[in-house]
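Chain and residue survey
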Amino acid sequence: MMMTLPTLLRLTCLALCGLAVSTPTLAAAAGEAKWSLAVHGGAGVLERGELTPEKDKAFRAGLDAALDAGARILKAGGSSLDAVEAAVRVLEDNPLFNAGKGAVFTAEGRNELDAAIMDGATLKAGAVAGVTRTRNPISLARAVMEKSPHVLLAREGADQFSKEMGLEQAPPGYFYTEERWKQLLAWRKDHHAMLDPTHLFGTVGAVALDQKGHVAAATSTGGMTGKRWARIGDSPIIGAGTYARDGVCAVSATGSGEYFIRESAARQVCDRLAWKGETVQQAADGTMAAITKIGGDGGLIAIDGEGRAAFGMNDLGMYRGAISSSAPTPRTAIYADEPSPR
Ligand code: GLY
């Protein structure tokens, strides 16, 4: 039978597209059952010697706990979506990190929280910005994704949605920590005295690959100390601070959000993989170089469709960790010159 050129092209495309879509499923069917998880707790000017040994230990223990929570789900065959939500909830509950309890304060002395989650299997996403009453904003972002027709809800409306969905509410005082309050007082005294972006920004995030080959990303933050005018950073902006697409990658960013928005950082990492054929580490580094070029700073974590983790940063450090089916013990790093866990 003679085939016309359009038919031939269509069949070739179907074969190639089918291959691309089913790659993760084939990996799972081959019995590899691999899974992988990476987390971050913010990037910044983290100089050796600046953290006391106790603080260093506490940060690493916080990352370990997040990795444990996510890994338990992945090991048992649970979804990457559940794993990133669980890991981020642990970091939100830990007062050391700038998300949930321990979030930084706005200029008016409030906590306004941003979060986003994305499912690489369906490209569904949910996000919230400037919320004030939900104990775990990442779970609110997930509720937006799963229980509303929207992607991004903000401020009073998002707070209202949270109550209607029955999510755990917290009084404003719940998010307070003395350390963050002191940072606000220092910022009020002299806006330029606090140039360390760890204090100004800080974010938590997780990316994961599950045994079925699906990826997901989640990010949560208090934003930046002294933010005004209902400022929103990159974390709840899909494609900027958070992105996931099956067979390509999942990304969560941290740092000066305005720059990550301008560079569509999280989506850029995935596009570099898909369109330029870069490895996930090259894509993470290339995106951070683009952020550096326009004056931004921070870092990002990414995982590719095979579960390879990558860490990119242009600061002196980033709280980060990884665990996977091939290396099932949580591993963490803080400083830029410390090898990143793989
Ligand atoms: N990356 C966090 C923020 O800019 O709000």
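Structure report, in brief. (Residues numbered from 1 in each chain as written. Predicted model: local features only at pLDDT ≥ 70, side-chain atom pairs only at ≥ 80, totals over all residues. Heavy atoms only, no water.)

Here's the deal with the site of the ligand
- Surveying the vicinity of the ligand reveals 9 residues, the closest of which are T203, R231, D234, G255 and G257.
- For the ligand, a nitrogen atom lies 2.8 Å from a polar atom in the backbone of G255.
- The site holding the ligand turns out to be the second largest cavity.
- Residues of the shell around the ligand, tallied by class, amount to 1 nonpolar, 6 polar and 2 charged. (Near = heavy atom within 4 Å. Polar contact = N/O pair within 3.5 Å; in protein donor to acceptor, adjacent residues only side chain to side chain. 1 Å grid on protein atoms, 1.4 Å probe; cavity = no way out; pocket = protein on both sides within 12 Å on 5 of 7 lines; lining within 4 Å. Sits in = over half its atoms within 2 Å of the grid points. Nonpolar A, V, L, I, M, F, W, Y, C, P; charged D, E, K, R; others polar.)

Concerning helix α10 (residues 280–293)
- Helix length check: α10 (14 residues) gives 20 Å between terminal C-alpha atoms against 20 Å at 1.5 Å per residue, within 8%.
- Of the positions making up α10, those classed as buried are V280, A283, A284, G286, T287, M288, A290 and I291.
- At its buried positions, α10 is contacted by α8 (257–262), α9 (265–276), β9 (298–304) and β10 (309–313).
- G295 occupies a position one or two residues after α10 and carries a positive phi of about 100 degrees. (Helix = DSSP H or I, 4+ residues; strand = E, 2+ residues; numbered from the N terminus. Expected span 1.5 Å × (residues − 1). Buried < 20%, exposed > 50% of the residue type's maximum accessible area, 1.4 Å probe, protein only. Contact = heavy atoms within 4.5 Å.)

Observations regarding the nonpolar core
- Among the nonpolar cores identified, the biggest contains 46 residues, and L37, V39, I117 and Y319 are the most heavily contacted of them.
- L37 has contacts with A66, L67, G70, A71, L74, A206, V207, A208, I303, G321, A322 and I323, leaving out every residue within four places of it along the chain.
- By size, the runner-up hydrophobic cluster in this structure holds 36 residues, among which are L209, A253, A283 and I301. (Core = buried A, V, L, I, M, F, W, Y, C linked by side-chain atoms within 4.5 Å.)

Brief notes about helix α5 (residues 155–164)
- Of all the positions in α5, only A158, D159, F161 and S162 are classed as buried. Along the axis of α5, the buried residues cluster in a sector spanning 160 degrees; they form a single face. With respect to the buried face of α5, the exposed residues turned more than 90 degrees away are E156, K163 and E164.
- Looking at the buried positions of α5, the neighbouring elements they touch are β3 (124–131), α4 (137–147) and β4 (152–154).
- Among the residues trailing α5, G166 stands out with phi positive, at a value near 75 degrees. (Arc of directions from axis to C-beta.)

What to know about the sheet that holds strand β6 (residues 215–221)
- A sheet is described by the order of its strands in space; here 8 strands give the open sequence β4-β3-β2-β6-β5-β1-β11-β12, paired in mixed fashion. Looking at the sheet topology across the chains shown, the edges are occupied by β4 and β12 (331–335). In this sheet, neighbouring strand axes are inclined to one another by 10 degrees on average, regardless of whether the strands run parallel or antiparallel.
- Across the sheet, helix α2 (residues 53–75) touches β1 (36–44), β5 (204–209), β11 (317–324) and β12, and the angle it forms with β12 is around 145 degrees.
- Contacts from α4 reach β2 (113–119), β3, β4 and β6 within the one sheet, and its direction differs from that of β3 by about 130 degrees. (Pairing = 2+ DSSP bridges. Axes fitted to C-alpha atoms, helices over the stretch in contact; angles between N-to-C directions.)

Description of the pattern of salt bridges
- In total, this model carries 17 salt bridges according to the counting rule given.
- For E85, the salt bridge goes to R142, with nearest N and O atoms at 2.8 Å. Remark: R142 occurs in helix α4 and E85 occurs in helix α3 (residues 80–93); sequence separation between them is 57 residues. An identical accessibility class is assigned to E85 and R142; each is buried.
- Members of the salt-bridge network, linked through shared partners, are D82, E85, R142 and E146. (Salt bridge = Lys/Arg side-chain N within 4 Å of Asp/Glu carboxyl O.)

Some details on unusual backbone geometry
- Despite not being glycine, W229 shows a phi value in the positive range, around 60 degrees.
- Here W229 lies in the loop between β6 and β7 (242–245).
- Take W229: its relative accessible area is 74%, and that puts it in the exposed class.
- Within the chain, A230 stands out as a residue other than glycine whose phi angle is a positive 60 degrees.

Focus: the pairing of β5
- When you tally the buried positions in β5, you get 6 out of 6 residues, the bulk of the element.
- Alternating positions in β5 separate into two faces, V204, A206 and A208 on one and G205, V207 and L209 on the other, with burial throughout.
- Across 5 bridges, the pairing between β1 and β5 is antiparallel. Looking at β5, one finds that H40 is bridged to G205.
- With 6 bridges joining them, β5 and β6 adopt antiparallel strand pairing. Counterpart to V204 in the pairing with β6 is S220.
- Adjacent in sequence and paired antiparallel, β5 and β6 are bridged by 5 residues, among which G213 carries a positive phi angle near 90 degrees.

Examining the state of the cysteines
- Per the counting criterion, the structure on display carries 1 disulfide.
- Across the disulfide, C249 is cross-linked to C270 (sulfur-sulfur distance 2.2 Å). Between C249 and C270 the sulfur-sulfur dihedral comes to about -110 degrees; the bridge is accordingly left-handed. Within this pair, whereas C249 is found in strand β8 (residues 249–255), its partner C270 is found in helix α9, the two being separated by 21 residues in sequence. The same class applies to C249 as to C270, namely buried. (Disulfide = S-S within 2.5 Å.)

A few points about the pairing of β9
- When you tally the buried positions in β9, you get 7 out of 7 residues, the bulk of the element.
- The side-chain alternation of β9 yields two buried faces, one formed by G298, L300, A302 and D304 and the other by G299, I301 and I303.
- Strand direction decides the pairing type here: β8 and β9, joined by 7 bridges, are antiparallel. Following the sheet pairing, V251 is matched in β9 by A302.
- Sheet analysis places β9 next to β10, joined by 5 bridges and oriented antiparallel. Counterpart to I303 in the pairing with β10 is A309.
- Between β9 and β10, which pair antiparallel one after the other, the connecting turn spans 4 residues, and G307 there sits at a positive phi close to 90 degrees.

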